[in-house]
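Close look at the chain arrangement
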Amino acid sequence: MHRNSRPKIGLILSLSWFSVCIFCAIFGDFLPLPKWDDYDYDNSAARMFSKGHILGTDYDGSDILSGLIHGSRSSLGISILSVGAALIVGSFLGILAAYRRGFIDSILSMFFNVFLSVPTIVLTLVLVAIFSSPSLDGSSTELPRELVLIISLTIVFIPIIGRLARGTALSWTGREFVLVAESIGMRRREVLIRHIVPNVMPALISLFVLGIGFVIIAEGGFAIIGVGTQPGASWGSMLAKNRGELTLAPHTALIPATVIALTVASLNYYGEYLRSRIDDRESRI
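What you see is a predicted model, and the numbers here were worked out from it, not measured in a lab.

**Let's talk about the overall build of the chain**
Scanning the chain from terminus to terminus reveals 9 helices and 0 strands. Along the chain direction, N to C, the helices and strands of the chain fall in the order α-α-α-α-α-α-α-α-α. Along the first, second and third principal axes, the C-alpha set of the chain runs to 75 × 65 × 30 Å. The buried share among the 285 residues of the chain stands at 42%. Counting contacts in the chain only where the partners sit at least 6 residues apart, residues at least 24 apart contribute 71% of the total.

Structural data, given as C-alpha cells:
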C-alpha cells in the first residue's frame, strides 16, 4: 500500500506546484502586489518577511515575490511556446520522414543530423545573434528579446523532436495492425492519421514536458551571459541580475534559483511518469 502511494504523492506534488506556476502566470496581474519593476530604494535588499515584502527585495528595491509571479509568465511562456512550436513542426517532419521513406527520409534525416551535430548553446547563440542584429540600413528592427528566444529555441528543438518522432514512427510502421490496414486497402493518409500519429504522440508529449524544463534552465543560462530577457523579467534574468549579491543579500538569488529548481524537478518527475506509462502501454500492445 505504501509503495503504491509514493508515486501518487510525488505526482500530486509536482502537478500542484506546476499548477501554481501556471496560475501565477495567468492571473498574476490581479494579485494585490507591487509591480515587479517598481524600485523602492528605501527598502533596498530588504530581508524575507519584511513589512510589505514577504520575500524581501533586491538591491534595486524590487519586490521579489512580484518578480517571481511576473517571471513565471516569461519563463513558462518562452518555454511552452518554443517547445510547442517545435513539437508541431518537428513531429510532422519526423513522422513524414518515417512513413514516406526514400528521398524525403534521406533529406530530413540529414537535416536533423546536421543541426544535432552543432552544440545546442552554440546554435542558439548564433540564432539569437542573427535575429537580434539590426538591419543593414541602420534602422531599428530588433525583435523583442522574448520573441528572439522563442524563435531560436524553436529552431534548436525541431531536429531533436523530429528525430525522436521519426524513430518512434518507424517502430510503429511495422506493427501488425498497420500492415493489416495497408493490406485491406486503407489509404496511406488514413493509416498515418488513425494508426501512426495517435501512437507516436504520447512519447512526444512526454518529451514536450521534459523540454519545458530544459528551456527554463537554458533561458536562465542565456540571461547570465547577457542574451536573455530584460533584467528581472523572468526567473533566469532575476537570478542573473542578483547573482553578484550572494554575500550581501543571498535571498535575492537563492529564491529564484529555488523556484527554477522546483519547477524543473516537477516537470522532470511528470515527464518520467508519462514515459513509464507509455512504456507500460506499448508493452501491452
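**Thoughts on the environment of Ile12**
Note on placement: Ile12 falls in helix α1 (residues 2-27). Ile12 sits in the exposed class, given a relative accessible area of 53%. When the C-alpha atoms of Ile12 and Tyr270 are compared, they prove to be 9.5 Å apart, with 258 residues separating the residues in sequence.

**Comments concerning the side chain of Thr263**
Structurally, the position occupied by Thr263 is in helix α9 (residues 251-284). Setting aside chain neighbours within four positions, we find Thr263 in contact with Trp17, Phe18, Cys21, Ile216 and Trp235.

**Notes on the side chain of Thr168**
By the secondary structure assignment, Thr168 is in helix α5 (residues 145-173). Not counting residues within four places of it along the chain, the set of residues in contact with Thr168 comprises Val200 and Ala203.

**Here's the deal with helix α7 (residues 188-224)**
At Val197, α7 shows its maximal bend, which comes to roughly 40°, and the proline Pro198 appears one to four places after that position. In the segment just after α7, Gly226 is the residue with positive phi, at about 95°.

**Comments concerning the pattern of salt bridges**
What the rule picks out here adds up to 5 salt bridges. Put simply, Asp58 and Lys241 hold a salt bridge, and the shortest N to O gap is 3.0 Å. With a gap of 183 residues between them, Asp58 in the loop between α1 and α2 (64-100) and Lys241 in helix α8 (residues 235-242) connect regions that are remote in the sequence. When its relative accessible area of 5% is taken as the criterion, Asp58 is described as buried. Between Arg166 and Asp105 there is a salt bridge; the shortest N-O distance is 2.7 Å. Of the two residues, Arg166 is situated in helix α5 and Asp105 in helix α3 (residues 102-116); the sequence distance between them amounts to 61 residues. On the accessibility criterion, Asp105 (10% relative accessible area) is buried. Among the charged side chains, a network of salt bridges with common partners joins Asp58, Asp60 and Lys241.

**Notes on the nonpolar core**
Ranked by internal contacts, the top residues of the largest apolar core, which has 54 residues, are Leu68, Leu76, Ile196, Val200, Ile216 and Trp235. Of all the secondary structure elements, the ones that give two or more residues to this core are α1, α2, α3, α5, α6 (176-183), α7, α8 and α9. With 14 residues, α2 is the single largest residue contributor to this core. Filtering out sequence-adjacent residues up to four positions away, Leu68 remains in contact with Leu55, Trp235, Met238, Ile255, Pro256 and Val259.

**Describing the environment of Ile88**
Tracing the backbone shows Ile88 in helix α2. With a relative accessible area of 61%, Ile88 lands in the exposed category. Distance in space between the C-alpha atoms of Ile88 and Leu149 is 18 Å, their sequence separation being 61 residues.

About the criteria used
- Residues numbered from 1 in each chain as written.
- Predicted model: local features only at pLDDT ≥ 70, side-chain atom pairs only at ≥ 80, totals over all residues.
- Heavy atoms only, no water.
- Helix = DSSP H or I, 4+ residues; strand = E, 2+ residues; numbered from the N terminus.
- Buried < 20%, exposed > 50% of the residue type's maximum accessible area, 1.4 Å probe, protein only.
- Contact = heavy atoms within 4.5 Å.
- Bend = angle between axes of the 7 residues up to and from the residue.
- Salt bridge = Lys/Arg side-chain N within 4 Å of Asp/Glu carboxyl O.
- Core = buried A, V, L, I, M, F, W, Y, C linked by side-chain atoms within 4.5 Å.

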